[in-house]
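# Structural overview for review
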Amino acid sequence: MKKTILIMSAFSLTILVIASCKQKSNMQVEETVEYRVDYSSANHASISCKMDGKDVENGSSVKKGSILVFTLEPQENYEADEWNIEGNTLTQGGNKGERTCTIKVTSDVVVTCKIKCLLEDGFDFTTGVGVLDGIIFKMKDIPAAKDETLGNEMEETDNKAHKVTLDAFTISETEITQELYKKVMGKNPSVCKEGKIEGEVTEKRPVDYVTWTECIAFCNRLTQMMPGLGNTYCVYYSDPELKNIYTEEDATALIEPHANWSRKGFRLPTSNEWEWAARGGVKNEYWAGTGDEKKVGDYAWIDTNSGHTTHEVAKKLPNGYGLYDMSGNVVERCWDWYTETISTDPSTNPHGPKTGDMKVARGGGAGLEFDSATVTHIICISPGHHIWFAGFRIVQNK
């Protein structure tokens, strides 16, 4: 009898232990249920996520029932438009136009937010701000140059020291971005559009792999599309009589453009205009923004810090005129034909030689060494040639 009781007691104990383990196991599963959190915004804004005041990284997992607070940080002249929140219980915010929303996690979470531009499309000559379908670009004032010395005696003969006089003009604050080029031309030819870089927006990298003639066509097309400008502002023509506006078809056929220099539409800078702007009002800075070789990386994406790819514009420090990436990122195409021996005679608003085989490019690039990124160095590229680190920026007459 005692033996039987011991067996039954042991059996009962086993059942209790097993039941207890199962209960504990069920509790553990309940406590460790986690769901993935993904969030993103359109260009021109960023979204952050916090839980109990601590950052929650995009793509991470949190426990069921967690309370998450999402905050939109739009860039200047942009605002929250509409939230799209999937897989959760919304507890606060998230309404149209609000910058925050708070949710209780009940499943995988996907949070996105559309934004809207607060500025109307058009170009303001007073502020230099242009808006095209929500994409904003800015033109910066560059003062006139009166008998200023450009070039350098230490350079090759293609840019020896010479005196120039230049009218005041405006130049784009950044290189033309992939998003603006695509909006204007309907395509993005860039090589450097694949792969993401943390903290950067791919569409805000400079457009690359464009020919010189495609840059010319872009200038005209942007001028035509911009409310407040139009055909009468276009600078470039396909005929010397200046009757036929230069088009993308002309660019593809590599037709040589002719310029009406009195027009106030967008155009490429001349080589001297580019250098005058790159110097930033300082005569002794070797690179755009600095004369210290050790600080070049603070101002320029070059072969040693770029990872051999271009980067979002305006991530480095600007020069004295507030211009970004004048050294590095992409080589910037200019109007002038290249010559091995530049004239050292004083000149006013020079446009370079009338003919040639190669076109001038300036500023170095992500695939080039630091000495190619100086404000005086000149690179020459065929007008019909594509290069992965070659792009451009635009100017306007004042």
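Our subject is the structure that appears above.
Report follows, based on the coordinates. Values in this document were obtained by computation on a predicted structure and should not be read as measured data. (Residues numbered from 1 in each chain as written. Predicted model: local features only at pLDDT ≥ 70, side-chain atom pairs only at ≥ 80, totals over all residues. Heavy atoms only, no water.)

Below, the discussion takes up a negative patch on the surface. Together, Asp292, Glu293, Asp298, Glu369 and Asp371 line one region of the surface with negative charge. Considering the arrangement of structural elements, one finds Asp298 in helix H6 (residues 296-299). (Patch = residues over 30% accessible without salt bridge, like charges linked within 9 Å, V, L, I, M, F, W, Y side chains within 5 Å. Areas by Shrake-Rupley, 256 points an atom, 1.4 Å probe, with all protein chains shown as cover. Salt bridge = Lys/Arg side-chain N within 4 Å of Asp/Glu carboxyl O. Lys, Arg positive; Asp, Glu negative; His and termini not counted. Charge placed at Lys NZ, Arg CZ, Asp CG, Glu CD. Helix = DSSP H or I, 4+ residues; strand = E, 2+ residues; numbered from the N terminus.)

This paragraph deals with the packing of helix H2 (residues 178-185) against helix H3 (residues 212-225). Put simply, H2 and H3 touch, their axes get as near as 9 Å, and they point 70° apart. Judged on the interaxial angle alone, H3 and H2 are roughly perpendicular. Across from Leu180, Tyr181, Lys183, Val184 and Met185 in H2, the residues of H3 making contact are Glu214, Ala217, Phe218, Arg221, Leu222 and Met225. A breakdown of the residues in the contact of H2 with H3 according to their chemical character gives eight nonpolar, no polar and three charged. (Axes fitted to C-alpha atoms, helices over the stretch in contact; angles between N-to-C directions. Parallel < 35°, antiparallel > 145°, perpendicular 65-115°, else oblique. Contact = heavy atoms within 4.5 Å. Nonpolar A, V, L, I, M, F, W, Y, C, P; charged D, E, K, R; others polar.)

Take Asp292: it is sitting in the loop between helix H5 (271-279) and H6. Note on Asp292: relative accessible area 31%, which makes it partly exposed. For Asp292, the side chain forms a polar contact with the main-chain nitrogen of Lys294, separated by 2.9 Å. (Buried < 20%, exposed > 50% of the residue type's maximum accessible area, 1.4 Å probe, protein only. Polar contact = N/O pair within 3.5 Å; in protein donor to acceptor, adjacent residues only side chain to side chain.)

Backbone-to-backbone hydrogen bonds join strands into a sheet, with any given pair of strands oriented parallel or antiparallel. One open sheet accounts for four strands, arranged S19-S18-S16-S20; its pairing is mixed. Strands at the two margins of the open sheet, each flanked by one partner only, are strand S19 (378-381) and strand S20 (390-391). Sheet strands in contact with H3 are strand S16 (331-337) and strand S18 (359-362), and its direction is about 90° off that of S16. (Pairing = 2+ DSSP bridges.)

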